[in-house]
Amino acid sequence: SRKPDVEKLIHQWWRTGLLGKDPLSDLSASVLKHLTEELRNALPLKKNEQSPKCNLWDLLHPVIFNATTKTFYGSKNLDLEKLRQNFLEFDKSFPILAAGIPGSIAAPQALKARDRMANQLTNQSERKSEACMVVRNRHDLFSNHAEMSDMDTGRAHGTLVWASQANTLPAAFWAVVHTHQDAHVIDALRKEISSVIRSKKGFESWKLGEALPTFSVDDLKRMVRLESASMEALRLASDSLSMRAVQESMSMKLNTGTYSFRKGDRVMIAPRTLHKDSDIYENPETYVWDRYLDVEDGAA
C-alpha cells in the first residue's frame, strides 16, 4: 500500500497541479473534443434526419464516462465498456465501503470490480502519450516508488476514475433534464453560448450544428447564465457526502452547541441539508435556473 511520503506528494500535486490556467484549459479542450466525438458516435445522424428516441440516462452515461476517461487516460488498449461496467458495480456499493463495513462480507462483488478496474489501468505506460498532464505526473510519481505494486498503482488510477465520474454523471444528467424542461431556458443558454463562440476569431459566422471552437477558461467564465443554470442543477442533484478524518483533537462551537472531536474521528458533511434549507434558499425544492445571476448586470 502507499506510504505516507507518497500520499503527501500526491496531495501536494493536487494543490499545485491544477491551480494554473493552462492545465484547466487543456482539460476543458480535451473534454469538449471527446464529448463531441462520443455524442456523434451515439447519435450518428445524417443531414435532415431526426434524432432517434432513447433513454436519456442510457445515452448520457457512456458518452460522459467515455469522454472523461479518454480525457484523463486515453483509450489505447483500454476496453471502455468493460471499465464502465466495473465502475458501475463498484459505485453501487461505495456507500457500504465508505461506512467502514468490510467489503469482503458486504460487497465482495464491488471489490472484485475494483480489482478488475485496477488490472485494466496498470498498463498506463502504454497510454502515457494520450494521458493528460495530471495522470502523467501521477504515473511518474507511482513509478518512482518501488513500494507500490502494480495493483497499488492500478487501484490508485481506479480511484481517480471513480472520483471523476461518480458525481459528474448524475449531475450532468440532471443538468440536462432541468434545463430542457423550459424552452426559454434553453433559448437563453444557446444565445449566450453562441455569442461567446462568435466572438472568437474565425467563428464570427458560426451556426448551431457546426464545429465548435476550443473554449478557454476565460470563455467559460463569460457564460454566466450557463454557470447559474449548472450550479442550480448541482444544488438540487448533489447527494455527495464529504467524509474527513480529524487530524487533531478539537472542539467546535456552533449555534446548536459545542461539539468535541477526537483525533482520528471521522466527520461527514451532507451539503444537501444546506441546499434544501429554506432559510438559505427561497423555494428550495424548485429549479430556478437564474438563481445565481445578479439581476442588475446579469453576472453570476
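The structure we're discussing is the one just above.
Residues numbered from 1 in each chain as written. Predicted model: local features only at pLDDT ≥ 70, side-chain atom pairs only at ≥ 80, totals over all residues. Heavy atoms only, no water.

## What to know about helix α13 (residues 224–237)
The terminal C-alpha atoms of α13, which comprises 14 residues, lie 20 Å apart, in line with the 20 Å expected from a rise of 1.5 Å per residue. Within the span of α13, buried status applies to V224, S228, A229, E232, A233, R235, L236 and A237. Those residues of α13 that are buried are in contact with α10 (168–179), α11 (183–198), α12 (217–222) and α14 (271–275). (Helix = DSSP H or I, 4+ residues; strand = E, 2+ residues; numbered from the N terminus. Expected span 1.5 Å × (residues − 1). Buried < 20%, exposed > 50% of the residue type's maximum accessible area, 1.4 Å probe, protein only. Contact = heavy atoms within 4.5 Å.)

## Focus: the packing of helix α8 (residues 133–143) against helix α9 (residues 150–165)
Where α8 meets α9, the closest approach of the two axes is 11 Å, and the angle between their N-to-C directions is 155°. Taken together, the axes of α8 and α9 lie roughly antiparallel to each other. Crossing geometry of α8 relative to α9 is assigned as right-handed. Note on element contacts: α9 touches α8 through T153, A156, H157 and L160, opposite V135, R138, H139 and F142. Among the residues making up the contact of α8 with α9, the classes are represented as 4 nonpolar, 3 polar and 1 charged. (Axes fitted to C-alpha atoms, helices over the stretch in contact; angles between N-to-C directions. Parallel < 35°, antiparallel > 145°, perpendicular 65-115°, else oblique. Left-handed = near helix turned anticlockwise from the far one by under 90°. Nonpolar A, V, L, I, M, F, W, Y, C, P; charged D, E, K, R; others polar.)

## Thoughts on a nonpolar patch on the surface
Together, M250, M252, L254 and Y259 make up an exposed nonpolar region whose accessible area comes to about 350 Å². If you tally residues by element for the nonpolar patch, the top one is strand β2 (residues 250–254), at 3 residues. With respect to the secondary-structure elements, Y259 resides in strand β3 (residues 257–261). Classification of Y259 as partly exposed rests on a relative accessible area of 35%. (Patch = residues over 30% accessible without salt bridge, like charges linked within 9 Å, V, L, I, M, F, W, Y side chains within 5 Å. Areas by Shrake-Rupley, 256 points an atom, 1.4 Å probe, with all protein chains shown as cover. Salt bridge = Lys/Arg side-chain N within 4 Å of Asp/Glu carboxyl O.)

## Some thoughts on the pattern of salt bridges
As enumerated under the stated definition, the model contains 13 salt bridges in all. With its nearest N and O atoms 3.5 Å apart, the salt bridge here joins E89 to K92. Residue E89 and its partner K92 are located together in helix α4 (residues 80–92), separated by 3 residues, close to a single helical turn. Using a relative accessible area of 22% as the deciding quantity, one classes E89 as partly exposed. Take K92: its relative accessible area is 59%, and that puts it in the exposed class. With a closest N to O distance of 3.8 Å, R222 and D219 form a salt bridge. In this pair, R222 and D219 are both assigned in helix α12, 3 residues apart and thus about one turn of the helix distant. The class for R222 is partly exposed, based on a relative accessible area of 42%.

## Let's talk about the environment of S149
Its location among the elements puts S149 in the loop between α8 and α9. Between the C-alpha atom of S149 and that of T122, which follows or precedes it by 27 residues, the distance is 9.6 Å.

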